[in-house]
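Examination of the molecular architecture
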Amino acid sequence: MLLNADWQVSAATPLTALFSVLHIENMHAGVKTTPRISAVSAILRARQDALRDMAVLCLLPVHLGLQRDTFSLQGTIRLSAEVYAYLTQRLQQHFQEDFMVHPAPEQRLWWIAPLRQLDVQCPWPQDCLYQQAFQWQPQGVHASLVRQWMNEIQMLLHQLSSENTLPTWPAQLNSLWFASVPELPQWQHQSRMICGVGDVFDGLCACQLPAAKQLSMAEVFAQSHTPAMMVVDRADQVDWNMLSHAWQKGRLTQLEIVLPIAERSVRISCKKSYRWQFWRKAYTLESLFAHLEASLPTSKLPEAI
């Protein structure tokens, strides 16, 4: 079924593409446009009830690819519980006169509450992967202050790495990344149901998205005349056999699957009419890989470092 579909590479990450679709539907419903937000940070914001009324930033452990005249963000880093607790303590000590450091339950980031009101906008890491990082510096009246904190953090990490006090200290950790956390979007009712399972779907529910429903795939198919979107964290959370059976039985007229590939997305689009277009030649795996590779330059991707 999928080898008979159309495959295309999108320059947007899956979460950015998802929020774009939801935002466009709100615009069509007559809702006033809102500033562009990071999907991940909005979901995190919604899940942190205790910090919802505070002006906060996120702080994430990252690896920067350093060159002579520039640097690029290579990705975020998962820390061991031991390293996370140790860094939390050192950050609280070093920056006690600048901001409060709040640990996060998932230990993938810290919540930072500055001791004074800041006018600063910091991009989310997913928007900056593999690109020249100078163009993604903090912006706003207090941008220089945040850059000063980043420089102090890099020196602190260099010192801690040299001390090598923890056996689980990650060799790739060489910086921490500040990211802004926007206000939650004002959703309106969508033209389709949104169902799913996992952290992203839980975040959408916490964002109070009206169309988000706790429905199984079988319950969605039972409402066959209503368009639906399913959001999952992993491919094994989808009942592919049920999906294939519904397609073969003609219960689906159109299907689109979006898969994450690094900082891009692969969109797989199927239409019911394809089942009867016998002249359509299905992809082989070799021809599919060649097609996807050829589509990369046309996706207007940022240059990798």
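Computed from a prediction, not measured in an experiment: that's the story for all the values here. (Residues numbered from 1 in each chain as written. Predicted model: local features only at pLDDT ≥ 70, side-chain atom pairs only at ≥ 80, totals over all residues. Heavy atoms only, no water.)

Secondary structure summary: the protein contains 8 helices and 10 strands in total. Buried residues in the protein amount to 42% of all 305 residues. Taking contacts inside the protein between residues at least 6 apart in sequence as the whole, the part at least 24 apart equals 67%. Accessible surface for the protein amounts to roughly 17200 Å². Of this, 53% is attributable to carbon and sulfur atoms. (Helix = DSSP H or I, 4+ residues; strand = E, 2+ residues; numbered from the N terminus. Buried < 20%, exposed > 50% of the residue type's maximum accessible area, 1.4 Å probe, protein only. Contact = heavy atoms within 4.5 Å. Areas by Shrake-Rupley, 256 points an atom, 1.4 Å probe, with all protein chains shown as cover.)

Right, let's talk about a negative patch on the surface for a bit. A cluster of acidic residues, Glu106, Asp199, Asp202 and Asp233, forms a negative patch on the protein surface. Within the secondary structure, Asp233 is located in the loop between strand S8 (228-232) and helix H7 (240-248). Of the residues examined, Asp233 reaches a relative accessible area of 36% and is grouped as partly exposed. (Patch = residues over 30% accessible without salt bridge, like charges linked within 9 Å, V, L, I, M, F, W, Y side chains within 5 Å. Salt bridge = Lys/Arg side-chain N within 4 Å of Asp/Glu carboxyl O. Lys, Arg positive; Asp, Glu negative; His and termini not counted. Charge placed at Lys NZ, Arg CZ, Asp CG, Glu CD.)

Core analysis: the biggest nonpolar cluster contains 49 residues, and Leu87, Leu91, Trp110, Trp169 and Phe178 have the highest contact counts within it. Mapped by element, the contributors of at least two residues to this core are strand S2 (57-66), strand S3 (71-76), helix H3 (81-94), strand S4 (99-103), strand S5 (110-114), helix H4 (143-163) and strand S6 (175-180). Counting 18 residues, the second largest nonpolar core, distinct from the first, contains Phe221, Ala246, Leu255 and Ile257. (Core = buried A, V, L, I, M, F, W, Y, C linked by side-chain atoms within 4.5 Å.)

With that settled, consider the side chain of Arg90. Relative to the elements of secondary structure, Arg90 occurs in helix H3. In this structure Arg90 touches Leu156, Gln159, Leu160 and Glu163, once residues within four positions along its chain are discounted.

A complete count under the given rule lists 5 aromatic pairs for this structure. The interplanar angle of 75 degrees and the centroid separation of 6.3 Å between the aromatic rings of Phe99 and Phe178 together place this pair among those described as edge-to-face. Taken together, the residues span a long stretch of sequence, with Phe99 in strand S4 and Phe178 in strand S6 at a distance of 79 residues. Of the two residues examined, Phe99 and Phe178, each falls in the buried class. One aromatic cluster is present, built from ring pairs that chain together Phe95, Phe99, Trp149 and Phe178. (Phe/Tyr/Trp six-rings, centres within 6.5 Å; stacked < 30°, edge-to-face > 60°.)

Our focus in this paragraph is the confidence of the model for the protein. Mean pLDDT over the protein: 79, with 79% of residues reaching 70 or higher. The spread of mean pLDDT over the elements of the protein runs between helix H2 (residues 39-47), the lowest at 60, and H3, the highest at 94. Note on residues 27-35: pLDDT is under 50 here. Beyond four places in sequence and across chains, it has 6 contacts. In this model residues 298-305 is a low-confidence stretch, pLDDT under 50, and it forms 14 contacts with partners more than four residues away in sequence or in other chains. (pLDDT = per-residue confidence, 0-100.)

Remember that side chains alternate between the two faces of the sheet whenever the strand is regular. Burial analysis of strand S7 (residues 193-197) places 4 of its 5 residues in the buried class, which makes it a mostly covered element. In this structure, S7 lies alongside S8, joined through 5 bridges in parallel fashion. By the bridge assignment for S8, Cys195 is matched with Met230. (Pairing = 2+ DSSP bridges.)

All buried positions along helix H5 (residues 199-206) are accounted for by Val200, Phe201, Gly203 and Leu204. The buried side chains of H5 occupy one side of the element, clustering within an arc of 155 degrees when seen end-on. Count one or two residues on from H5 and you reach Gln208, which has phi positive near 65 degrees. (Arc of directions from axis to C-beta.)

Let us look at a nonpolar patch on the surface. A cluster of nonpolar side chains, contributed by Leu3, Leu285 and Phe289, occupies part of the molecular surface with about 300 Å² of accessible area. Given a relative accessible area of 34%, Leu3 falls into the partly exposed group.

Tallied over the full model, the rule gives 2 salt bridges. Asp236 is the partner of Arg234 in a salt bridge, and the nearest nitrogen-oxygen pair spans 3.0 Å. Across the salt bridge formed by Arg267 and Glu256, the nearest N and O atoms sit 2.5 Å from each other. Of the two residues, Arg267 is situated in strand S10 (residues 264-271) and Glu256 in strand S9 (residues 254-261); the sequence distance between them amounts to 11 residues.

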